[in-house]
Amino acid sequence: MIKKETVYKIGVLGKPHGVKGEVSFTFTDDVFDRVDADFLILDIDGILVPFFMEEYRFRNNETALIKFQDIDTQDKAKELTGCDVYFSREKSDHSENNMTWAELIGFTLIDTTTGRLIGKLLSVDAATLNTLFIVGTEEGHERLIPASEELIDKIDARNRQIRICLPEGLLDID
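Just so it is clear, the model here is predicted, and its values are computed rather than measured.

**So, the overall build of the chain**
Reasoning step 1: When its secondary structure is counted, the chain shows 3 helices and 12 strands.
Reasoning step 2: Over its C-alpha atoms, taken along the principal directions, the chain stretches across nearly 55 × 35 × 30 Å.
Reasoning step 3: Here the chain holds 174 residues, and the buried ones make up 40% of them.
Reasoning step 4: For the chain, restricting intrachain contacts to residue pairs at least 6 apart in sequence, the fraction spanning at least 24 positions comes to 54%.
Reasoning step 5: Of the roughly 10,500 Å² of accessible surface on the chain, 47% is carried by carbon and sulfur atoms.

Rendered as structure tokens:
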């Protein structure tokens with residue numbers, strides 16, 4: 001069984017393309033192409049399932065068309081629409097010093113100065129010049145934390161932790 005902590009999300013499947021089972025794939029990380037992967041992992045009703053790729057081709061920098069093994073009709077491809085797509089952390093070509101934002105989702109943030117647990121990284125907002133971590137706290141709230149590389153002390157991939165040195169008082173702001 002594939003566990004959620006062993007993978008990271010790289011995109012989502014869209015609508016079928018054509019009638020032979022091809023499906024569009026909007027991706028945030030093209031790691032599947034860089035490491036010549038055989039399969040991608042799809043979230044099917046909460047269960048992570050490997051799907052082997054027969055072929056794929058890029059439409060642009062954010063979308064590819066993928067043909068999976070045993071998905072050979074438009075109806076079968078339609079069943080995959082909306083599925084989140086994941087990639088194995090183990091097979092990724094990134095090192096601990098060179099990880100994508102997507103690979104950090106699920107990591108725990110710890111304030112280096114106080115040793116205080118900030119929360120769990122839910123997502124990264126890179127839509128603006130100032131990238132933000134969206135962090136879920138133990139109390140069930142969301143916090144926006146600057147994702148500046150100058151503030152990040154250490155990323156510990158083995159323990160799934162990000163140690164970050166926050167400006168004094170930032171965690172006290174509501």
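**Some points on the packing of aromatic side chains**
Reasoning step 1: By the definition in use, this model includes 10 aromatic pairs.
Reasoning step 2: An angle of 80° between the planes, with centres 5.5 Å apart, marks the rings of Phe-27 and Phe-32 as edge-to-face.
Reasoning step 3: Residue Phe-27 is classed as buried on the basis of its relative accessible area of 8%.
Reasoning step 4: Note on Phe-32: relative accessible area 0%, which makes it buried.
Reasoning step 5: A ring pair is formed by Phe-32 and Tyr-56, whose centres lie 5.2 Å apart and whose planes are at 70°; its orientation type is edge-to-face. On the criterion of sequence distance, the pair formed by Phe-32 in helix α1 (residues 31-34) and Tyr-56 in strand β4 (residues 47-58) is long-range, its members being 24 residues apart.
Reasoning step 6: The exposure class of Tyr-56 is partly exposed, given its relative accessible area of 24%.
Reasoning step 7: Linked through ring pairs, Phe-25, Phe-27, Phe-32, Tyr-56 and Phe-58 together constitute an aromatic cluster.

**A few points about the sheet that holds strand β11 (residues 152-156)**
Reasoning step 1: Reading across from one edge, β10-β9-β8-β7-β12-β11 is the order of the 6 strands in this open sheet, with mixed pairing throughout. The open sheet has two edge strands, β10 (142-146) and β11, and neither has a second partner. Each strand axis lies, on average, 35° off the axis of its neighbour in the sheet, ignoring direction.

**Re the domain arrangement of the chain**
Reasoning step 1: Each assigned domain of the chain is listed here: domain 1 (7-93) and domain 2 (107-164).
Reasoning step 2: The C-alpha centroid of domain 2 is placed 28 Å from the C-alpha centroid of domain 1.

**Examining the sheet that holds strand β2 (residues 22-27)**
Reasoning step 1: One closed barrel accounts for 6 strands, arranged β1-β2-β5-β4-β3-β6; its pairing is antiparallel. With strand direction ignored, the average angle separating the axes of adjacent strands in the sheet is 50°.

**A few points about the side chain of Ser-24**
Reasoning step 1: For Ser-24, the position within the fold is in strand β2.
Reasoning step 2: Dropping the residues within four chain positions of it, Ser-24 is found in contact with Val-12, Leu-13, Gly-14, Lys-15, Thr-63, Ala-64 and Leu-65.

**So, the UniProt feature "domain: RimM N-terminal" (unreviewed entry) in the chain**
Reasoning step 1: Mapped onto this structure's residue numbering, the UniProt feature "domain: RimM N-terminal" (unreviewed entry) falls at residues 10-90.
Reasoning step 2: The distance separating the terminal C-alpha atoms of residues 10-90 is 14 Å; by composition the span is 11% helix and 53% strand.

**Points about the UniProt feature "domain: Ribosome maturation factor RimM PRC barrel" (unreviewed entry) in the chain**
Reasoning step 1: The positions that UniProt labels "domain: Ribosome maturation factor RimM PRC barrel" (unreviewed entry) are, in the present scheme, residues 101-170.
Reasoning step 2: With 6% helix and 46% strand, residues 101-170 has end C-alpha atoms that lie 22 Å from one another.

Reading the values: the criteria
Numbering of residues starts from 1 in every chain and runs along the sequence as written. Given that the model is predicted, a residue must reach a pLDDT of at least 70 before its local features are reported, and side-chain atom pairs must reach 80 or more before they are shown or counted; all residues, however, enter totals for whole chains, interfaces and linings. Values shown for side chains rest on all heavy atoms present in the structure; no hydrogens or waters enter the calculation. Comment: elements are numbered from the N terminus, with helices defined as DSSP H or I runs of at least four residues and strands as E runs of at least two. When accessible area is computed with a 1.4 Å probe and restricted to protein chains, residues below 20% of their type maximum are described as buried, those above 50% as exposed, and intermediate ones as partly exposed. Any pair of residues with heavy atoms lying within 4.5 Å of one another is described as a contacting pair. All accessible areas in this document rest on Shrake-Rupley with a 1.4 Å probe, and a residue is counted as covered only by the protein chains that are shown. Pairing of aromatic side chains requires ring centres within 6.5 Å, counting the rings of Phe and Tyr and the six-membered ring of Trp. Pairs whose planes differ by under 30 degrees are stacked, by over 60 edge-to-face, and all others tilted. Two strands are said to pair when DSSP picks up at least two bridges between them. Axis lines are fitted through C-alpha atoms, for helices just across the contact stretch, and the angle between N-to-C directions can take any value from 0 to 180 degrees. As used throughout, domain bounds are those supplied by an automatic or database domain assignment. UniProt positions are given in the numbering used here, feature names are shortened, and annotations may be inferred rather than shown by experiment.

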